[in-house]
Amino acid sequence: MVRNVAELLPELEEADFYLLSGVEQGMRFSEWVQREKLPKFADMTDEEVEYRLERCLKRGLVEKKTIQYEGYTLQFEGYDALALRALVQRDTIGEFGSPLGVGKESDVYEVRSYKPLALKYHREGYTNFREVHKERDYASDKEHVSWMYTARKAAEREYEILEELYPDVSVPQPIDQNRHAIVMEKMDGVELSRTKLESEQVVDVLDLLLSEIARAYEGGYVHADMSEYNVFVDESGVTVFDWPQAVPTDHENADEFLARDVGNAIGYFRRKYPREVPASEDLSSDEVADAIASGTFETVAEFA
């Protein structure tokens, strides 16, 4: 888990952010930015750069490394600080709250503005850069690709997809985005994996989830990473989140990803509720996926 930098914002000065932005600019060309280039990138004197580096190093916002030269790189905390400050300056965020979820590829916090919201920091590439770089097409078109670029592209991609799908598909309403951070509505309810449904609710909730998969397909996207860990359930229905890996329906592997998503959804309900969703040949994941792709899916009852 990357440290929460919200408490650092009041003690950081405007020139500290100039330095952080300068390191960010230099990282477009190299993971480690040469010390002698920082005055140009940050538009500061050499003496001011030295002072600001000391402040940012002390707070864990940048890291220093001596290789063939003295180099500096942003820590994720430094990148968080830049994104958070931008969102505060735009009045998107007024208060910072407690963690809502911490994962391998993202950290989510409660924030407030005119209502409770959620702030999601993308962490793609920070600990598993090679895998993300290999698997996601937005991380493969540059000669130098950093974790910073990978995380930002993931955030931009997810935000764009949420904007296209909301409100026709039950996804979190996107509010704002900067660098690797997204602000969205805070979801109500409980994660599907932690939900204990009553017997009479099981098939209805499965129907709702498959219907959202169908609406997303109609809206032009396949989630491509569907599981019980990225679905929230409440009294009003289900909400599907975590969309950075989604693919358009004209993607060469879209049908394969759709079948896998449907199989994951049905498979989860079969494992947890075997009486209500028995393992039968009638409820075939491939047939349900075909019905979704053709726009004819209505409910799982049609396959009984």
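Computed from a prediction, not measured in an experiment: that's the story for all the values here.

A. Helix α3 (residues 46–58), seen in detail. When the terminal C-alpha atoms of α3 are compared, their 19 Å separation across 13 residues agrees well with the 18 Å that a helix rising 1.5 Å per residue should span. Of all the positions in α3, only V49, R52, L53, R55 and C56 are classed as buried. All buried residues of α3 project into a common sector of 165 degrees when viewed along the axis, lining one side. Away from its buried face, by an angle of more than 90 degrees, α3 presents the exposed residues E47, E54 and K58. Against α1 (14–26), α2 (38–42), β2 (62–66) and β3 (70–74) lie the buried residues of α3. The positive-phi residue at the C-terminal boundary of α3 is G60, with phi of around 70 degrees.

B. Local environment of helix α7 (residues 202–218). The terminal C-alpha atoms of α7, which comprises 17 residues, lie 24 Å apart, in line with the 24 Å expected from a rise of 1.5 Å per residue. Regarding α7, the residues found buried are V202, V205, L206, D207, L209, L210, S211, E212, I213, A214, A216 and Y217. For α7, the elements touching its buried residues are α6 (147–165), β10 (221–222), β11 (231–234), β12 (237–240), α8 (254–272) and α9 (285–294).

C. Highlighting the sheet that holds strand β9 (residues 190–191). Strand order in the open sheet formed by three strands is β9-β11-β12, and the pairing between neighbours is antiparallel. Two strands lie at the open edges of the sheet, namely β9 and β12, each paired on one side alone. One ladder, built from four bridges, connects β11 with β12; its direction is antiparallel. Among the inter-strand pairings, V233 is bridged to a residue of β12, identified as V238.

D. The nonpolar core, seen in detail. With 45 residues, the main nonpolar core has L209, L210, W243, V262, F269, V288 and I292 as its most contacted residues. Going through the elements one at a time, α6, α7, β10, β11, β12, α8 and α9 are the ones with two or more residues in this core. No other element matches α7, which puts nine residues into this core. When residues of this core are assigned to domains, at least three map to each of domain 1 (6–185) and domain 2 (190–302). Beyond its immediate sequence surroundings of up to four residues, W243 is in contact with E158, I161, L162, L165, V171, A216, V222 and H223. Core analysis: the next-biggest nonpolar cluster, separate from the first, contains 41 residues, C56, F76, Y79 and L84 among them.

E. Representation of the pattern of salt bridges in the model. Going through the model one piece at a time under the given rule, you end up with 17 salt bridges. Two residues, R59 and E11, come together in a salt bridge whose shortest N-O distance is 2.8 Å. Here the residue R59 occupies a position in the loop between α3 and β2, and E11 occupies one in the segment before α1, the gap between them amounting to 48 residues. A relative accessible area of 16% places R59 in the buried class. For E11, a relative accessible area of 38% corresponds to the partly exposed category.

How each quantity is defined
Residues numbered from 1 in each chain as written. Predicted model: local features only at pLDDT ≥ 70, side-chain atom pairs only at ≥ 80, totals over all residues. Heavy atoms only, no water. Helix = DSSP H or I, 4+ residues; strand = E, 2+ residues; numbered from the N terminus. Expected span 1.5 Å × (residues − 1). Buried < 20%, exposed > 50% of the residue type's maximum accessible area, 1.4 Å probe, protein only. Arc of directions from axis to C-beta. Contact = heavy atoms within 4.5 Å. Pairing = 2+ DSSP bridges. Core = buried A, V, L, I, M, F, W, Y, C linked by side-chain atoms within 4.5 Å. Domains from an automatic or database assignment. Salt bridge = Lys/Arg side-chain N within 4 Å of Asp/Glu carboxyl O.

None of this, on its own, says anything about what the molecule does.
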